[in-house]
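Inside the fold
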Amino acid sequence: MRGILRTLALLALAVFIIGPLVQAIVLSLTVTLPHPGVTVGDWSLVNYRNIFASPALVASLGNSLTYVTANVVLTLSVALPAAYALSRYRFVGDRHVFLLLLAFRITPPVVLSLPIFLLFARLGLLNSPFGIALVHCLFNIPIAIWILESFISAVPREFDETAFLDGHSLPRFFVGHLLPVIAPGVGVACFFCFIFSWVEVVFARILTSTGGKPITMAIDALFTFQTDIGLVMAMMVLSLVPGVALIWFVRDHIARGFQLRA
Amino acid sequence: MSNQRPDNRAWLLMLPAMSVLGIVGLVPLIAVFNYAFFDIFTLQSRFWVGTEWFAELVGTPDLYAALGRSLLFSALVVLVQFPLGIAIALMIPRGRLAGSLVLMLVAIPLVVPWNLIPMIWLNLLHPTYGTVAQMFDAIGFDFDYKFNAVHTYALLVTVDTWHWIGLVVILAYSGLSAIPPSYYQAARIDGASRAQVFWHIQLPKIRPVLLMALLLRVIDSLMIYVEAFGINAGGPMGATAFLSLELGEEINAFNYGPAAARSVLYFLLVLTVAWLFRVAMQREVK
């Protein structure tokens, strides 16, 4: 009896989560505006074909992938040493670092949008995927440090000492020894950096007013006086693909490593 | 912690991360604090006005009304998402594959770009082709999220729950799976009921992770912007004009001085909440 109830509850959950996406997927496969060779209301792949026929939309896919990749690489390369330091050493102010990271993680983007725009205009980082990659470090570095720190702390200290006795330098130790051992943690950190960066809109909007638009802004730009809702939904479906693929890769580790120390 | 050694050179390892955070976090924050004391016509011509913007903000009931609406929304979000999220985490099957599938399911909404979330939901409510709108029509329920404030709140809480329930479930589940099996064995030997196991073993053990989830959900819902703007832009009649929506309006109107003053107040609010959570967490550890 309890088993049946649980199955029903999980099914209801699946309907609640998947349901809203189903209509979007159906619309993306439907002709919603007149196009040559198809009739409105028919099933067709015309919306997906139109995406790849539009240079602006194709460029936005490239921009999004560029900034997310740059952000993940930058975040992980600065967060790994920091997480190692917090895990292995006591130093002046180490307890305050966690509060500081927390403050940066939860600062609302709206609060910083104006000065970020002015600062990045001066640095020449407007309308470029790298500007977005840099600004998203604001919330991704704290997250990556928390996750990596908990994975590194699960590795015994003797592991480091053996590597150092073998004469490895710190950078070589990170790349050659530590990274393979905490690979699941790196995967989870990548996943959380990806999702918070991929979905962010406020910074992405103000930094790309005239060029370098990511997917999110390219979709916003599709809303005109006669919106092709099928095309919008096809773009939305494409925007989900990388995230869902990442979920698949980290599925067994996703629930580990979010244990935060205060 | 015996695993840690005192060594201040560790700061060298912190340096890269702290420099990046300095550029994208600290410098803009200082700039915002600075703008808050000026009347800014263009960035070249600005006048020192002291604390005028703050006095104006704090002196009008408008700010407190917006704060009240934001707190109401956060309270609804927490009251819905925490019982639900914990219940789902408890229901997740122990088997590896089935458990992974449920976690993957609830994680899907987390990867949807935020400005698309209102689009997806408004589609469901579209008068001509929206599935949910048709279902409401069929049962004769007059759902009007545009002009009925209660309905707008219901829709916003539903959308937010769809979006974020995965985070609560993932964190609660990570706490639950860290409980050693010996605890459950001891409980079984003592003949503890399912409810007793929950109240005396599971809940106390997942409290620290839940606090973390609570902090993230409270802050993010207090400062909700993109989704709320997309659903009803603060309407009807400003009933869902939350703190960040009012700030967004001020930035869009180029009132930089007052916008900066608002930003400073919000930042201090967020920081206070974070500090309260830190105190709670430290008590938890002891």
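In this text, all values refer to a predicted model and were calculated from it rather than measured experimentally.

Here's the deal with the overall build of chain B
- Each helix and strand in chain B was counted, giving 12 helices and three strands.
- If one aligns the C-alpha atoms of chain B with their principal axes, the spans along those axes are about 75 × 70 × 30 Å.
- Across the 286 residues of chain B, 52% fall into the buried class.
- Across chain B, every contact between residues at least 6 apart in sequence was considered, and the portion connecting residues at least 24 apart equals 67%.
- For chain B, the accessible area works out to roughly 13,400 Å², and carbon and sulfur atoms hold 68% of it.
- Seen as two clouds, the 16 positive and the 16 negative side-chain charges of chain B have centres 20 Å apart.

Side note on the overall build of chain A
- Along chain A, the regular secondary structure elements total 13 helices and one strand.
- Along chain A, helices (α) and strands (β) appear in the sequence α-α-α-β-α-α-α-α-α-α-α-α-α-α when read from the amino end.
- Taken along its principal axes, the extent of the C-alpha atoms in chain A is 70 × 65 × 35 Å.
- Across the 262 residues of chain A, 55% fall into the buried class.
- Sequence-distant contacts in chain A: of pairs separated by 6 or more residues, those separated by 24 or more amount to 75%.
- As displayed, chain A offers around 10,600 Å² of accessible surface, 71% of which is attributable to carbon and sulfur atoms.
- In chain A, which carries 15 positive and 11 negative side-chain charges, the distance between the mean positions of the two groups comes to 4 Å.

Quick word on the interface of chain B and chain A
- Each side of the interface is counted separately: chain B has 91 residues, and chain A has 95 residues.
- Summed over the three residues of chain B that lose the most area to chain A, namely Gln4, Leu13 and Val111 of chain B, the buried surface amounts to 8% of that side.
- Summed over the shared surface of chain B and chain A, the result is two salt bridges.
- One salt bridge connects Arg105 of chain A with Asp220 of chain B, and the closest N-O pair in it is separated by 3.4 Å.
- On inspection of chain B and its partner chain A, the count reaches 14 residue pairs in polar contact (both at pLDDT 80 or more).
- Considering each element in turn, the side of chain B that touches chain A owes the most residues, 19 residues, to helix α1 (residues 10-35) of chain B.
- Broken down by class, the residue content of the side of chain B that touches chain A amounts to 69 nonpolar, 16 polar and six charged.
- Bridge count between strand β1 (residues 89-90) of chain A and strand β1 (residues 5-6) of chain B: two bridges; the pairing is parallel. Note that in β1 of chain B the partner of Arg90 of chain A across the bridge is Pro6 of chain B.

Let's talk about the packing of helix α7 (residues 137-153) of chain A against α1 of chain B
- Two elements in contact, α7 of chain A and α1 of chain B, have axes separated by 9 Å at closest approach and are oriented at 150°. As the angle between them shows, α7 of chain A and α1 of chain B are arranged roughly antiparallel. In terms of crossing hand, the pair formed by α7 of chain A and α1 of chain B is left-handed. Touching Cys137, Leu138, Ile141, Pro142 and Ile145 of chain A of α7 of chain A are Ala17, Val20, Leu21, Val24 and Gly25 of chain B, all from α1 of chain B.

Focus: the layout of surface pockets
All names here are of chain B.
- Computed from the structure, the largest pocket encloses a volume of approximately 750 Å³.
- In terms of lining residues, the largest pocket is bounded by 26 residues, among which Pro118, Leu122, Asn123, Tyr145 and Gly230 are the most central.
- Of all the secondary-structure elements, those providing two or more residues to the lining of the largest pocket are α5 (116-124), α6 (131-138) and α10 (226-232).
- No other element matches the four residues that α5 contributes to the lining of the largest pocket.
- When grouped by side-chain class, the residues that make up the lining of the largest pocket number 16 nonpolar, four polar and six charged.

Quick word on empty space enclosed by the protein
- The full count for this structure, using the stated rule, is three cavities of 30 Å³ or more.
- Within this model, the largest cavity holds a volume of roughly 340 Å³.
- Arg105 and Pro109 of chain A together with Trp114, Asp220 and Met223 of chain B are, among the 22 residues lining the largest cavity, the residues nearest its centre.
- For the lining of the largest cavity, the secondary-structure elements that each account for two or more residues are α4 (94-106) and α5 (109-123) of chain A together with α7 (149-176), α9 (194-222) and α10 of chain B.
- The biggest single contributor to the lining of the largest cavity is α9 of chain B, with three residues.
- In terms of residue class, the lining of the largest cavity is built from 15 nonpolar, one polar and six charged.

Section: the packing of aromatic side chains
- If you walk through the whole model with that rule in mind, you get 20 aromatic pairs over all chains.
- Taking 5.4 Å as the distance between ring centres and 45° as the angle between the ring planes, the aromatic pair formed by Phe37 of chain B and Phe54 of chain B counts as tilted. One end of the pair, Phe37 of chain B, is in the loop between α1 and β2 (38-40); the other, Phe54 of chain B, is in helix α2 (residues 52-59), with 17 residues separating them in the sequence.
- Taking relative accessible area as the criterion, Phe54 of chain B reaches 15% and is therefore assigned buried.
- By the ring-pair criterion, three or more aromatic residues cluster together here, those being Tyr84, Tyr89, Phe159, Phe164, Phe173 and Phe174 of chain A.
- Directly above the aromatic system of Phe196 of chain A lies the positively charged group of Arg105 of chain A, at a separation of 5.1 Å from the ring centroid.
- Stacked on the ring of Tyr89 of chain A, the Lys or Arg Arg157 of chain A has its end atom at 5.7 Å from the ring centre.

The rules behind each value
Residues numbered from 1 in each chain as written. Chains lettered and ligands numbered in written order. Predicted model: local features only at pLDDT ≥ 70, side-chain atom pairs only at ≥ 80, totals over all residues. Heavy atoms only, no water. Helix = DSSP H or I, 4+ residues; strand = E, 2+ residues; numbered from the N terminus. Buried < 20%, exposed > 50% of the residue type's maximum accessible area, 1.4 Å probe, protein only. Contact = heavy atoms within 4.5 Å. Areas by Shrake-Rupley, 256 points an atom, 1.4 Å probe, with all protein chains shown as cover. Lys, Arg positive; Asp, Glu negative; His and termini not counted. Charge placed at Lys NZ, Arg CZ, Asp CG, Glu CD. Buried area = accessible area lost by both parts, 1.4 Å probe. Salt bridge = Lys/Arg side-chain N within 4 Å of Asp/Glu carboxyl O. Polar contact = N/O pair within 3.5 Å; in protein donor to acceptor, adjacent residues only side chain to side chain. Nonpolar A, V, L, I, M, F, W, Y, C, P; charged D, E, K, R; others polar. Pairing = 2+ DSSP bridges. Axes fitted to C-alpha atoms, helices over the stretch in contact; angles between N-to-C directions. Parallel < 35°, antiparallel > 145°, perpendicular 65-115°, else oblique. Left-handed = near helix turned anticlockwise from the far one by under 90°. 1 Å grid on protein atoms, 1.4 Å probe; cavity = no way out; pocket = protein on both sides within 12 Å on 5 of 7 lines; lining within 4 Å. Points joined across faces, edges and corners; volume = space filled by probe spheres on them. Phe/Tyr/Trp six-rings, centres within 6.5 Å; stacked < 30°, edge-to-face > 60°. Lys NZ or Arg CZ within 6 Å of the ring centre and 35° of its normal.

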